[in-house]
Amino acid sequence: MKNQPLSGNAMPRFGGIASMMRLPVVHSARGLDAAFIGVPLDIGTSHRPGARFGPRQIRAESCLLRPYNMATGAAPFDTLQVADLGDVPINTYSLDKSLPIITEFYEEVLANDCTPLTMGGDHTIALPILRAIAAKYGPVAMVHVDAHADVNDDMFGERIAHGTPFRRAVEENLLSCHKVFQIGLRGTGYASDDFDWPRAQGFTVIPAHEVWYQSLAPTMARIRESIGQTPCYLSFDIDGIDPAYAGGTGTPEIGGLSVPQALEIIRGCFGLNIVGCDLVEVSPPYDLSGNTALLGANLLFEMLCVLPGVVRR
Ligand code: MN
Ligand code: MN
């Protein structure tokens, strides 16, 4: 029997130590097929801080999650050995020092053939994670949900920040650029051509307003066809979803994706060769209801449910 989330009938859901999905907390990826990992870093944030508290709050809200996906039939704990690997001990005074700490942590996870499911943290963390992923798999495809393209050349003169990770990833050849899809982009920009740089690299940009009121299932079918079995990273910034549903975040933008659209995106990744996922930018100090963290916890479960090797009953 593989690790199972602790049942609400074995211990009340509000009781016990808060691990992701009430799974065992372990200190090594050895023997795991997938692991939830927290990266409590928010020193790359440009506006409202607080994402450092994201992993802890996502774990707290995840206590309500049950092991079986009623919509898709996915039963991830039947075939995958999953645990909570705790948090990466970043250096909260230094981005420069934190990035290699994160990369080395993920290299160790990947060396054990364990797929990381990351709880952010701000979006800066996607860069050191992608460095570890690409070191194993080469340049990867990516499904990137976000209000922002995160391809700034610099922010306040800094090349490492939460708005620059995918510019650096392109420069470092971590991405298979013609297999990168950015969904949900919107908001005001510095120039009308802000989204042209990613397009010039070969990314496909799907702005939020082009998919308002629409199912994203057909879009995801096209994305699956395009990416095929190329190893694929899923990076999900919670601000891709409308602030009506996910206002507890650092840089909210109006007119975003709905929660059902977010579910269609993640469920539409089933069949891809997903080699890592993240859910970033949940900021509990701005999430007074806890709904944003609750949403984040559910989306991480949905990511687990589309990993290779998951069976559907
Ligand atoms: Mn982002
Ligand atoms: Mn964003």
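As shown above, the structure is provided for reference.
Residues numbered from 1 in each chain as written. Chains lettered and ligands numbered in written order. Predicted model: local features only at pLDDT ≥ 70, side-chain atom pairs only at ≥ 80, totals over all residues. Heavy atoms only, no water.

Would you explain the coordination of the manganese ion (ligand 1) in this entry?
Taken together, the protein ligands of the manganese ion (ligand 1) are His123 (ND1), Asp146 (OD), Asp150 (OD) and Asp237 (OD), with distances of 2.1 to 2.2 Å. Mapping the donors of the manganese ion (ligand 1) onto the primary sequence yields the spacing H-x22-D-x3-D-x86-D. (Donors = N, O, S within 2.8 Å, 3.2 Å for Na, K, Ca; no water.)

Even after reading the chapter, I still don't get the environment of Gly202, so can you show me in this structure?
As for its placement among the helices and strands, Gly202 is situated in the loop between α6 (196-201) and β6 (204-207). C-alpha of Gly202 to C-alpha of Thr118: the two residues are 84 residues apart in sequence and 26 Å apart in space. Residues in contact with Gly202, not counting those within four places in the same chain, are Cys177 and His178. (Helix = DSSP H or I, 4+ residues; strand = E, 2+ residues; numbered from the N terminus. Contact = heavy atoms within 4.5 Å.)

Is there a simple way to explain the side chain of Glu281 in this structure?
For Glu281, the position within the fold is in the loop between β8 (274-280) and α10 (291-304). The buried charged residue Glu281 lacks any salt bridge, with Arg48 as its nearest oppositely charged partner at 9.2 Å. In terms of polar contacts, Glu281 uses its side chain to reach the side chain of His162, at 2.8 Å. Once residues lying within four places of it in the same chain are set aside, the contact partners of Glu281 are Ala51, Gly121, Asp122, His123, His162, Asp237, Ile238, Gly248, Thr249 and Gly250. (Buried < 20%, exposed > 50% of the residue type's maximum accessible area, 1.4 Å probe, protein only. Lys, Arg positive; Asp, Glu negative; His and termini not counted. Salt bridge = Lys/Arg side-chain N within 4 Å of Asp/Glu carboxyl O. Polar contact = N/O pair within 3.5 Å; in protein donor to acceptor, adjacent residues only side chain to side chain.)

Teacher, can you tell me more about the coordination of the manganese ion (ligand 2) here?
Around a metal, the idealised angle for a tetrahedral arrangement of four donor atoms is 109.5 degrees; for an octahedral arrangement of six donor atoms it is 90 or 180 degrees. Looking at the manganese ion (ligand 2), the protein donor atoms are Asp146 (OD), His148 (ND1), Asp237 (OD), Asp239 (OD) and Asp239 (OD), and they sit 2.1 to 2.5 Å from it. Here the donor residues for the manganese ion (ligand 2) map to a single chain with the spacing D-x1-H-x88-D-x1-D. Between the two metal centres, the manganese ion (ligand 2) and the manganese ion (ligand 1), the spacing is 3.3 Å, with Asp146 acting as a shared donor. Here Asp146 is found in the loop between β4 (140-145) and α5 (165-171), whereas its partner Asp237 is found in strand β7 (residues 232-237), with 91 residues between them in sequence. Using a relative accessible area of 0% as the deciding quantity, one classes Asp146 as buried.

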